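Spelled out, the chains give:
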Amino acid sequence: MKVCVAQTRPITGDIQRNIVVHRRLVDLAVSNGAEIVVFPELSITGYEPTLADDLATNQNDHRFDIFQIISDTQQVTIGIGVPTKNDSGVCISLMIFQPFKARELYSKMHLHPDEEKFFVRGQPSGGLIGEDPCAALAICYELSVPEHAANAYKNGADIYIASVAKSVSQIEKTLERLGQIALEYSMTVVMSNCIGLSDGLKCAGRTSVWNREGILLDQINEIKEGIIVVDTETYSVLQRTI
């Protein structure tokens, strides 16, 4: 399977302009054979907790119809980072578009204490996508919770996809942890991070991929938007920036 993680510079609160960049990167990923494309945490709005309530939406939002069309016509699964509302409050979600299927949400189940003022926990979910399905989703802080990766492994995942918004001060610990997950569970691990400012902090970029031995195979720099596509069978890796 060819899995792609994207690195974006979200424009704070500007959903339409962020959609344009998402489309450009999805097209680039599809042209390079990607079957799954996942974006950073809250990529469609920027990671801005104080704005999330006003920006939150749901999976029926017609502004995102283009991603379903691309999913159907190109046979690709797409995950974009969106704040979503339910009866309890606002969730940090990945909105999942799969070919000829209803849109799904994977909402962050483990919140950092700093997030609890602004967001609510998502409902328990297997969080698996792709064929079989074989790829587990994680949103940012969840990768730091040991049972999250353990449950992904127990549920049969052999790919671990982390969608994050990590700052410069957080990135080294994050990279170390994801390499450990790859080695401990013999999973391909990929991480999608953003660049630019989020919640007043500089995001670190360095979107990355590791093989099942925990070896870092490739990484985008901290400056450019772009994609990494990895073939999880051969471990051939392709990087493109824009």
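See the structure above.
We now turn to the structure provided with this report.

About the thresholds
- Residues numbered from 1 in each chain as written.
- Predicted model: local features only at pLDDT ≥ 70, side-chain atom pairs only at ≥ 80, totals over all residues.
- Heavy atoms only, no water.
- Axes fitted to C-alpha atoms, helices over the stretch in contact; angles between N-to-C directions.
- Helix = DSSP H or I, 4+ residues; strand = E, 2+ residues; numbered from the N terminus.
- Parallel < 35°, antiparallel > 145°, perpendicular 65-115°, else oblique.
- Contact = heavy atoms within 4.5 Å.
- Nonpolar A, V, L, I, M, F, W, Y, C, P; charged D, E, K, R; others polar.
- Pairing = 2+ DSSP bridges.
- Expected span 1.5 Å × (residues − 1).
- Buried < 20%, exposed > 50% of the residue type's maximum accessible area, 1.4 Å probe, protein only.
- Arc of directions from axis to C-beta.

Points about the packing of helix α1 (residues 15-31) against helix α3 (residues 65-74)
Working step 1: Running from amino to carboxyl end, α1 crosses α3 at an angle of 10°, the nearest separation of the two axes being 11 Å. Relative to α3, the element α1 lies roughly parallel. Between α1 and α3, the residues in contact are Ile19, His22, Arg23, Val26, Asp27 and Val30 and Ile66, Phe67, Ile70 and Gln74, respectively.
Working step 2: Residues that form the contact of α1 with α3 fall into these classes: 6 nonpolar, 2 polar and 2 charged.

Overview of the sheet that holds strand β7 (residues 135-139)
Working step 1: On the basis of which strands lie adjacent, the open sheet formed by 6 strands has the order β6-β7-β8-β9-β12-β13 and mixed pairing. Single-partner strands in this sheet number two, and they are β6 (128-129) and β13 (216-219).
Working step 2: In this structure, strand β9 (residues 188-192) lies alongside strand β12 (residues 208-210), joined through 3 bridges in antiparallel fashion. Bridging across to β12, valine 189 finds its partner in tryptophan 210.
Working step 3: Where helix α5 (residues 171-185) meets the sheet, it contacts β8 (159-163), β9, β12 and β13, and its direction lies at approximately 155° from that of β9.

Quick notes on α1
Working step 1: Given a rise of 1.5 Å per residue, 17 residues ought to cover 24 Å, and the 24 Å separating the end C-alpha atoms of α1 matches this to within 8%.
Working step 2: Residues of α1 that are buried include every one of Ile15, Asn18, Ile19, His22, Leu25, Val26 and Ala29, and no others. Buried residues of α1, seen end-on, are gathered within an arc of 135° and therefore sit on one face of the element. Residues Arg17, Val20, Arg24 and Ser31 are exposed on α1 and point more than 90 degrees away from its buried face.
Working step 3: On its buried face, α1 sits against β1 (2-7), β2 (36-38), α2 (52-55), α3, β3 (77-86) and β14 (226-231).

Points about the pairing of β13
Working step 1: Pairing of β12 with β13 involves 3 bridges; the strand directions are antiparallel. The residue bridging tryptophan 210 from the neighbouring strand is leucine 216, located in β13.
Working step 2: Two successive antiparallel strands, β12 and β13, enclose a turn made up of 5 residues, where glycine 214 displays a positive phi of approximately 80°.

Considerations on the environment of glycine 33
Working step 1: Tracing the backbone through its elements, the reader meets glycine 33 in the loop between α1 and β2.
Working step 2: By relative accessible area, which is 33% here, glycine 33 ends up partly exposed.
Working step 3: Sequence separation of glycine 33 and valine 230 is 197 residues, and the distance between their C-alpha atoms is 9.7 Å.

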